[in-house]
Amino acid sequence: MPYCFDIGGTNIRFGMPEGNGDVPVIHSVPTPTHSLAQFVEAISGLIEHEGRGRHNSIAISLTGVVHPETNKVRVANIPAIDGVDIAHELTKKTGLPAVVANDADCLALAEARVGIAKDANNVFAIVLGTGVGGGLVLDGNLVVGRNGATGEWGHGPVVDPTANGIVASIGQFKCGCGQVGCLDTVGGARGLERIHRSLHSDNLASEQIVSMWLDGDINANKTIVVWSEMLAGPLAMIVNLLGPDVVPVGGGLSNASELIALLDEKVRKRCLFPADQPLVLPAKFAKNAGLVGAAQLDVPSIKGVA
Ligand SMILES: [Zn+2]
């Protein structure tokens, strides 16, 4: 079993797998964002602290994309490791084989193996966090695909700025990927805030907007309806394309089950063959999916690991 790490732009979280598949967080340390040496030291330090010899590999979930051939990671908010084969660097330092995967891919794997999609054939997991991500598991196996970007439904210019004609255009927003009109700009927490600001000229945090919606606030309701309309069409098309048995949802917005239930209802209405059971559901491991999914990665089979 591996030492598991979940690496974000702010913190590195560390955990060790339990028998039931869960991987509780044991430690959390700040992410060294500008020094590769310090980054490698932080990981190896956590392993030393916990005791070498307890596990025989390292598995990492990362807020970035891993190239399937070069094994180099692309992670814009951690320059220390951007463009680096970090698995190789960690193996050099610790002598342990290491594997690295995208965090949304880890969510998909976690839910497909030990979460709400356990035993399902097709699982398309989505992340509604700061932005929008996704990962695909087919027949129990993670689909990495060309360039390691499979499941990234948050990018591509598809947002309908009228939300299916229910509002005048709120415009389209420039995405960090360089395109305009990506779901990533409207579908996550920052997107929800952006929609609310566009509709009501009001700067509120996503948690406040959701809370006000649950309390029956009219403006917040309009924001949530627009948000759900913008996401539901593209997600229904993906359901038609992939035929997932379940679409687990991770990320901060999945904390509001009512929000995910609304999205589920709208997605199912737009599917070619609407499911009569809920399809889009909060993930079981919404909070530590990175660690749980990392523990499910197959270390020896990963190319480029010493
Ligand atoms: Zn984009």
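In this text the structure is predicted, and so the values were computed from the model without any measurement. (Residues numbered from 1 in each chain as written. Predicted model: local features only at pLDDT ≥ 70, side-chain atom pairs only at ≥ 80, totals over all residues. Heavy atoms only, no water.)

1. Things to note about the coordination of the zinc ion
And then number 1: Each protein donor to the zinc ion is listed here as H155 (ND1), C175 (SG), C177 (SG) and C182 (SG); together their distances run 2.1 to 2.4 Å.
And then number 2: Here the zinc ion is ringed by 4 donor atoms whose angles at the metal span 100 to 125 degrees, and the overall shape comes out tetrahedral.
And then number 3: Positions of the donor residues of the zinc ion, expressed as sequence spacing, correspond to H-x19-C-x1-C-x4-C. Of this pair, H155 sits in the loop between β10 (141–142) and α4 (189–200) while C177 sits in the loop between β10 and α4; the two residues are 22 residues apart in sequence, bridging distant segments of the chain. (Donors = N, O, S within 2.8 Å, 3.2 Å for Na, K, Ca; no water. Tetrahedral: all angles 85-135°; square planar, octahedral: opposite > 155°, others 65-115°. Helix = DSSP H or I, 4+ residues; strand = E, 2+ residues; numbered from the N terminus.)

2. A closer look at the domain arrangement of the protein
And then number 1: Segmentation of the protein into domains returns domain 1 (2–105 + 288–296) and domain 2 (119–282).
And then number 2: Taking the mean C-alpha position of each, domain 1 and domain 2 sit 28 Å from one another.
And then number 3: At the interface, 7 residues of domain 1 touch 13 residues of domain 2.
And then number 4: In total, about 710 Å² of surface goes out of reach between domain 1 and domain 2, with carbon and sulfur atoms giving 55% of it. (Domains from an automatic or database assignment. Contact = heavy atoms within 4.5 Å. Buried area = accessible area lost by both parts, 1.4 Å probe.)

3. What about the nonpolar core?
And then number 1: Within the largest apolar cluster, 43 residues are counted, with the highest numbers of intra-cluster contacts made by L128, W153, W227, L263, V267 and V280.
And then number 2: Going through the elements one at a time, β8 (122–128), β9 (132–138), α4, α5 (206–214), α6 (218–242), β11 (247–250) and α7 (257–270) are the ones with two or more residues in this core.
And then number 3: For this core, the element with the highest residue contribution is α6, accounting for 11 residues.
And then number 4: Once residues lying within four places of it in the same chain are set aside, the contact partners of V267 are A232, L235, A236, V239 and V280. (Core = buried A, V, L, I, M, F, W, Y, C linked by side-chain atoms within 4.5 Å. Buried < 20%, exposed > 50% of the residue type's maximum accessible area, 1.4 Å probe, protein only.)

4. Notes on unusual backbone geometry
Negative phi values dominate among residues other than glycine, just as trans dominates among peptide bonds.
And then number 1: Non-glycine residue A163 carries a positive phi angle of around 50 degrees.
And then number 2: Backbone geometry places N164, a non-glycine residue, at a positive phi of 65 degrees.
And then number 3: Tracing the sequence through the fold places N164 in the loop between β10 and α4.
And then number 4: By relative accessible area, N164 is classed as exposed at 52%.

5. Considering the packing of α4 against α6
Helix packing geometry: the angle between the two helix axes and the distance between the axes.
And then number 1: Packing of α4 against α6 leaves a shortest axis separation of 9 Å and a crossing angle of 125 degrees. In terms of orientation, α4 lies oblique with respect to α6. Helix-helix and strand crossings are classified by hand; for α4 and α6 the assignment is right-handed. Contacts between α4 and α6 involve L192, I195, H196, L199 and H200 from the first element and N219, A220, K222, T223, I224, V226, W227 and M230 from the second. (Axes fitted to C-alpha atoms, helices over the stretch in contact; angles between N-to-C directions. Parallel < 35°, antiparallel > 145°, perpendicular 65-115°, else oblique. Left-handed = near helix turned anticlockwise from the far one by under 90°.)

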